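Observations on chain architecture
What follows is the residue order along each chain.
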Amino acid sequence: MKLFQIIPLAFLIFSFIFHSCNNKNEAGSNNPKPDYVLVIHGGAGAISPTGLTSDLQQQYRHSLNAALSAGEKVLKSGGSATKAVISSILIMEDDSLFNSARGAVLTKNGHVELDASIMDGQDHNAGAVAGVKHTKNPILAAYKVMANSDHVMLSGKGADRFAVLQGLDSVSQDYFITQRRLLQLKNNIKGTVGAVALDKNGKLAAGTSTGGMSMKKWGRIGDSPVIGAGTWADNRSCAISATGHGEFFIRNVVAHDIHARMLYMNQTLEEASKTVIYDILLEKYNADGGLIGIDHHGNMIMEFNTSGMFRGYTKSTGETEVRIFK
Ligand code: ASP
């Protein structure tokens, strides 16, 4: 073979190898990037097969599937990651099984105080509400703060008032409070719902909504509405939604830390998430929790250091799964 034939051939081989390496997902396989990916969670905690009747397990699975379907419908038709995240979270907020909106846990004085946030990975636009007591769907209020205000976070009465002015439904506390939560009042219950999505345009978004931790002090705000702690999205790295002992997630800016590890340390989504969940939260603080994430290549993660996390995912490739236990 002549030199002028070898050079283009060598170039072709090199390009092929380079391209293949760059397309590797975190498991090391060469699966092509999916057109879209959606991952959801319904909270992590001491969830075990013995503590959850098979009937309840069925109900959770059914609800998680419904949330996935709602979000996937948006992504399949070319809708944005932000819209998909909202659609999935709305289903879980309206379902009293989860600790968000209807069915949220109660504060020490028997009220419901809700936190939610959303972030768009394209432009770092973000919105959040904290400690709302009457907004039926806090994730919609968070979106309105992002889309229609100059602010990132509104709290308490001001946030509820803003939601009404934006045309959102307002309800009495009775709507949120369920018999199940009244019976659990003295228990240490947590939980949250969240979703992350990669849309067909390669954009990422993340959202989180919660009633926080049961028996929390009135006015306590957790990580879920704190951008960078419970929620983060950046098209250059990943979209993250967290669940767990919020104080530790705030102190360790968990969601942003994963982004920073990926961006500045070149860690994969899996490496960064595992470091934060096990080496930092569990090892250093004995803090429980988990998170879901998607990177800009479409790799996903559902990682937790508890016995269970309600979770599920769906991809354009047809892969889909809902799981509860480890
Ligand atoms: N992170 C939530 C909070 O601390 C609770 C949870 O996700 O379980 O408010």
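The rules behind each value
- Residues numbered from 1 in each chain as written.
- Predicted model: local features only at pLDDT ≥ 70, side-chain atom pairs only at ≥ 80, totals over all residues.
- Heavy atoms only, no water.
- Helix = DSSP H or I, 4+ residues; strand = E, 2+ residues; numbered from the N terminus.
- Buried < 20%, exposed > 50% of the residue type's maximum accessible area, 1.4 Å probe, protein only.
- Near = heavy atom within 4 Å.
- Polar contact = N/O pair within 3.5 Å; in protein donor to acceptor, adjacent residues only side chain to side chain.
- Areas by Shrake-Rupley, 256 points an atom, 1.4 Å probe, with all protein chains shown as cover.
- Nonpolar A, V, L, I, M, F, W, Y, C, P; charged D, E, K, R; others polar.
- Pairing = 2+ DSSP bridges.
- Axes fitted to C-alpha atoms, helices over the stretch in contact; angles between N-to-C directions.
- Contact = heavy atoms within 4.5 Å.
- Core = buried A, V, L, I, M, F, W, Y, C linked by side-chain atoms within 4.5 Å.
- Parallel < 35°, antiparallel > 145°, perpendicular 65-115°, else oblique.
- Left-handed = near helix turned anticlockwise from the far one by under 90°.

Considerations on the environment of Thr-53
- Within the fold, Thr-53 resides in the loop between strand E1 (37-45) and helix H2 (54-76).
- Judged by its relative accessible area of 48%, Thr-53 falls in the partly exposed class.
- Residues Thr-53 and Ser-80 lie 27 residues apart in sequence; the distance between their C-alpha atoms is 37 Å.

What about the site of the ligand?
- As a matter of local geometry, the ligand sits amid Lys-190, Gly-191, Thr-192, Gly-212, Met-213, Arg-220, Gly-222, Asp-223, Ser-224, Thr-243, Gly-244 and Gly-246.
- Thr-243 places a side-chain nitrogen or oxygen 2.8 Å from an oxygen atom of the ligand.
- Here a nitrogen atom of the ligand and a backbone polar atom of Gly-244 are 2.7 Å apart.
- Surface burial for the ligand is 100%, taken as the share of its 260 Å² of free accessible area covered by protein chains.
- Of the residues assigned to the shell around the ligand, the class counts are 1 nonpolar, 8 polar and 3 charged.

What about the pairing of strand E11 (residues 308-315)?
- Of all 8 residues that make up E11, 8 are buried, and the element is covered over most of its length.
- By the alternation rule, side chains of E11 split into Gly-308, Phe-310, Gly-312 and Thr-314 and Met-309, Arg-311, Tyr-313 and Lys-315, which are all buried.
- One ladder, built from 7 bridges, connects E1 with E11; its direction is antiparallel. When the sheet's bridge partners are listed, Leu-38 is paired in E11 with Thr-314.
- Bridging between E11 and strand E12 (residues 320-325) involves 5 bridges; their strand directions are antiparallel. Looking at E12, one finds that Arg-311 is bridged to Arg-323.
- Adjacent in sequence and paired antiparallel, E11 and E12 are bridged by 4 residues, among which Gly-318 carries a positive phi angle near 100°.

Topic: the sheet that holds E1
- Strand order across the open sheet formed by 8 strands is E4-E3-E2-E6-E5-E1-E11-E12, with mixed pairing between neighbours. Each of the sheet's edge strands pairs with one partner strand only, and the pair in question is strand E4 (153-155) and E12. Neighbouring strand axes in the sheet, compared pairwise and without regard to direction, differ in orientation by 5° on average.
- Against the sheet, H2 makes contact with E1, strand E5 (193-198), E11 and E12, and its axis sits at roughly 145° relative to E12, the strand it touches most.
- Strands in contact with helix H4 (residues 138-148) are strand E2 (114-120), strand E3 (125-132), E4 and strand E6 (204-210); relative to E3, the strand with the most contacts, it is inclined by about 135°.

Structural notes on the nonpolar core
- Among the nonpolar cores identified, the biggest contains 49 residues, and Ile-40, Phe-98 and Phe-310 are the most heavily contacted of them.
- In this view, Phe-310 contacts Ile-40, His-41, Gly-42, Gly-43, Ile-47, Leu-52, Tyr-60, Leu-64, Phe-98, Arg-323 and Ile-324; residues no more than four positions away in its chain are not counted.
- Formed by 37 residues, the second largest nonpolar core is a distinct cluster that contains Ala-44, Cys-238, Ala-242 and Met-309.

Looking at the side chain of Ser-149
- Along the chain, Ser-149 falls in the loop between H4 and E4.
- Looking at Ser-149, its side chain comes within polar contact range of the main-chain oxygen of Val-145, at 2.7 Å.
- Here the side chain of Ser-149 touches His-151 through a polar contact of 3.0 Å, landing on its backbone nitrogen.
- Leave out the neighbours within four places in its chain, and Ser-149 touches Lys-144 and Phe-162.

Points about the packing of helix H9 (residues 254-265) against helix H10 (residues 269-285)
- The N-to-C vectors of H9 and H10 enclose an angle of 135°; their axes lie 9 Å apart at closest approach. The orientation of H9 relative to H10 falls into the category oblique. Considering how the two elements wind past one another, H9 and H10 form a crossing that is right-handed. Across the interface between the two elements, Val-254, Asp-257, Ile-258, Arg-261 and Met-262 of H9 pack against Leu-269, Ala-272, Ser-273, Thr-275, Val-276, Ile-280 and Leu-281 of H10.
- Its residues placed into classes, the contact of H9 with H10 shows 8 nonpolar, 2 polar and 2 charged.

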